Amino acid sequence: MSEKSVSSDPVIQNQPRKVKKFHHKVNKNKNRKIFKRESFNEQPVLVDGEKGKKEENKRAIEARKAKVPKEKDTFPEHIPEKEIDKLLRNENSDETQYIEGQLRINPRNREYAYLPFSDDQRDLLIIGLRDRNRAFDGDFVVACINQPEKWEMHKGYEQKTGVVVFIREKIHPRRTIGYFKENNELFYPRDRRVPLVKISKKSLKQFGVCQNYKNILYLVVITDWIKPKFAVGKIEKIIGNIGDIKAESNAILFEYDLDVTPYSLHVTKELPSSDYSLTENDIKDREDWKDECIFTIDPDTAVDLDDSVSCKPLENGNYEIGVHISDVTHYLKFLSPLDIQVSKRATTIYMADNTYHMLPKELCQVCSLSPGQDKLAFSVIWEMTQDAKVVKHRFAKTVIRSCCQMSYQHVQKMIENPEYNWPDNYIYIDGNYKLNDLSIKVNILHNLAIQMRKRRFQNGALQIDLPKLYVRVDRITGLPISYNIEEQQDSNRLIEEFMLLANMTVAKHLYNVIPETALLRIHTEPSKHILSTTQDMLQKFGIHLDITSSTSLHASMKRYEEGLETEDDERRKIMKYRMMVINNLCSRAMARATYICSSTVEAQEELRHYALNIPLYTHFTSPIRRYSDCVVHRLLYSTLRNIDMPKEWTQKLCKSIAANCNIKKFNAKMAQERSNELYFMYLIDLKGPIVTMGIVLSVHENFITIISCQLGIKLKVFFTQLENLALVEYSSECSIPMVNISWKQPAITQVINVFTLLHLRIEKHPESFQLTGTLLPPIQEIEI
């Protein structure tokens, strides 16, 4: 059979290339080259062949000894806080020596950590555990920038290096999940960003590690870190057997320091029962909205209903639109024992196999806006024109009675069939309303939301959509049974627009009235360096992004999506997958949105939300599942009553709550993603491997990163898997990483670069508890 070539980009394929050829076979000692580095400031020493096992290159050793003294097996001293603050204050912007920020550690190699610069420079590189100086991933640290002779060359660029000299805030919990090997004293964390941990003999004996340790997961707390080689710790808990689905799920919760233990009777004893009826004292001074047409729109599996909407035409042709949020803080008193416990948890945790509520179950039931029941709400009410412009707004404590609990699927059908005559028994409705009445209101809200959304993006908002995998678990057996990719529909966007409007309205009011202690949510600008690098790379593939602002970035990304309207179905699918790559690449540059106490910034401009492109934003609409919203409710109510918050409410407390909410929200998000990956992997193990289409996200010398087009998950595919099946050639001509794979059967040469569509098999790794992807030979016609 003649050799054929398959490529995603014929222009790139036909360019002359300089290639680096390598065979993925088991290395023989005589051919193996090993790099050793004994200290983090030394250059690598080349060790070649069998002799390399016994002795190092003598000239390299002599040169190293002459130039670099042997480092002590200790950490550098931390600079005291007062001194570091003085150094930072006296910094010259032209000659920066110290930078402060949140430490990121390479998840695959703990030897490399990074601190972002405030401008468009490449991140500060921190090499080795010694220079990390006892800091963990996520900690806020101060680092000293090394002299230029210690900077590193990375991918053709010079990168500044540094040493951590102060840990401002320990964000990482210093707890980790892992296992023991033959040497029982050393504990191996699953998280590769965490150092090895030496466990005390007392702890080993207490948990019987010396007698029985194989295939067991442990939770270890790190108590000290004296030498760079390993930290010191003790066993806190036996999690269970490696591979046991429940033990693995619990391990995720422990790893992210998420508390899911039931609340004690001590803190819940005074809560109202689930069948609680409102009293005169509850409804005192509240507006009565019980006879208004109010309804909820949520996922069909939702239990906690904390937001509802209403829509009523006015005589002047405008609409009265209401967003009615559960009034959780009416029952959750500030700084009560329960409030303190809730504030520590800060968020509801959504795992594939379970939902762990932030609030006690009985309080969730009392607060949830269930249909046909009188409930307390905190409402934002607007008068809006037919072209979705706000005429005026107000806030009110209300009593409501939702008439219907609708799912996104119900609302989507109403939007798609606005003239349909819905049967009244299609959904349960409480009160005197008909389903057609609700359909009319839903479509009014939908038309307003379309205009609001369009105007929001015209004003500079940015949205990067990344696919999310969700796994359905049988609640009886605890086993996964199916999976799906979450897709945003018009019904989701309807609710999104009105919740965003409510949050923006509250944020503006709070900052105007209490600028010192408002709890806001900010989103800083993305990394200019990463965005610029992404822009340059995509331009080589004919994709031009304008990264000047969020407005221009969204417009240029949207242009490629909208340009597909006239294309055929196959072309649309291909571009949909290419947009998955573009979105993923751009999302890497984005900062994480965070809560902040408004007084902790020097200028109001620092409170901006980049993605929404608005000056002020907060969270108000989900108090059943987010503690930040409970705080915002209290602040808003105090401004409406024109009374001060209790004296305990200070800038320091506001800052502390913001910091904890940031940690818990991020950890809960990561746990949710890991949980879905865990149960998906278990499902694959039960049902067997799947063959699917993937699109290449990045190309490296030894592996490629692929996004599964149908699953949205990212996998690394290593070329070592192609041993005896193909010859692999890597090149980076014109700064475009590219791989040529010459398959033996069939005799086809496959050219792979970013955006290449290919086939892969996804299965559970035979030994470790993780997914693995295997590249399959191409077929001439790629079926989408």
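Attention here is on the structure that accompanies the text. (Residues numbered from 1 in each chain as written. Predicted model: local features only at pLDDT ≥ 70, side-chain atom pairs only at ≥ 80, totals over all residues. Heavy atoms only, no water.)

1. Description of the overall build of the protein chain
Counting its secondary structure elements, the protein chain contains 19 helices and 38 strands. Here the contacts in the protein chain between residues at least 6 apart in sequence split such that 67% fall between residues at least 24 apart. Accessible surface, the protein chain as shown: approximately 40,200 Å² in total, 48% of it carbon and sulfur. (Helix = DSSP H or I, 4+ residues; strand = E, 2+ residues; numbered from the N terminus. Contact = heavy atoms within 4.5 Å. Areas by Shrake-Rupley, 256 points an atom, 1.4 Å probe, with all protein chains shown as cover.)

2. Remarks on the state of the cysteines
What the rule picks out here adds up to zero disulfides. Among the cysteines around Cys404, which has no disulfide bond, Cys403 carries the closest sulfur, lying 5.8 Å off. Cys661 takes part in no disulfide bond, and the closest cysteine sulfur, belonging to Cys630, lies 9.1 Å away. (Disulfide = S-S within 2.5 Å.)

3. Quick notes on a positive patch on the surface
Side chains of Lys198, Lys201, Lys227 and Lys229 sit close together on the surface and give a patch of like positive charge. Lys198 sits in the partly exposed class, given a relative accessible area of 34%. (Patch = residues over 30% accessible without salt bridge, like charges linked within 9 Å, V, L, I, M, F, W, Y side chains within 5 Å. Salt bridge = Lys/Arg side-chain N within 4 Å of Asp/Glu carboxyl O. Lys, Arg positive; Asp, Glu negative; His and termini not counted. Charge placed at Lys NZ, Arg CZ, Asp CG, Glu CD. Buried < 20%, exposed > 50% of the residue type's maximum accessible area, 1.4 Å probe, protein only.)

4. Here's the deal with helix H19 (residues 651-687)
Taking 1.5 Å per residue, 37 residues should reach 54 Å; H19 reaches 54 Å between its end C-alpha atoms and fits that length. Downstream of H19 by a residue or two, Gly688 has a phi angle that is positive, lying close to 100°. (Expected span 1.5 Å × (residues − 1).)

5. Remarks on helix H18 (residues 627-640)
Between its first and last C-alpha, H18 extends 20 Å over 14 residues, near the 20 Å set by a 1.5 Å rise per residue. For H18, the buried fraction is high: twelve of the 14 residues fall into the buried class. Looking at H18, one finds that the buried residues are Tyr627, Ser628, Asp629, Cys630, Val631, Val632, His633, Arg634, Leu635, Leu636, Ser638 and Thr639. Directly after H18, the chain includes Asn642, whose backbone phi takes a positive value near 60°.

6. Observations regarding the nonpolar core
Counting residues in each nonpolar core, the largest one holds 85 residues, and the members touching the most others are Phe295, Ile321, Leu359, Met406, Leu494, Phe498 and Tyr627. In this structure Leu494 touches Ile297, Val411, Ile415, Val442, Leu445, His446 and Ala449, once residues within four positions along its chain are discounted. The next biggest cluster of nonpolar side chains, apart from the first, holds 43 residues, and it includes Ile245, Ala671, Ile684 and Ile752. (Core = buried A, V, L, I, M, F, W, Y, C linked by side-chain atoms within 4.5 Å.)

7. Things to note about the pairing of strand E27 (residues 468-473)
The two faces of E27 differ: Leu469, Val471 and Val473 on one face are buried, but Lys468, Tyr470 and Arg472 on the other face are not. Two successive antiparallel strands, E27 and strand E28 (residues 480-486), enclose a turn made up of six residues, where Gly478 displays a positive phi of approximately 75°. (Pairing = 2+ DSSP bridges.)

8. Some points on the side chain of Ser343
Position of Ser343 relative to the elements: it lies in helix H10 (residues 337-345). When its relative accessible area of 18% is taken as the criterion, Ser343 is described as buried. Residues within four places of Ser343 in sequence aside, it is in contact with Tyr627 and Asn660.

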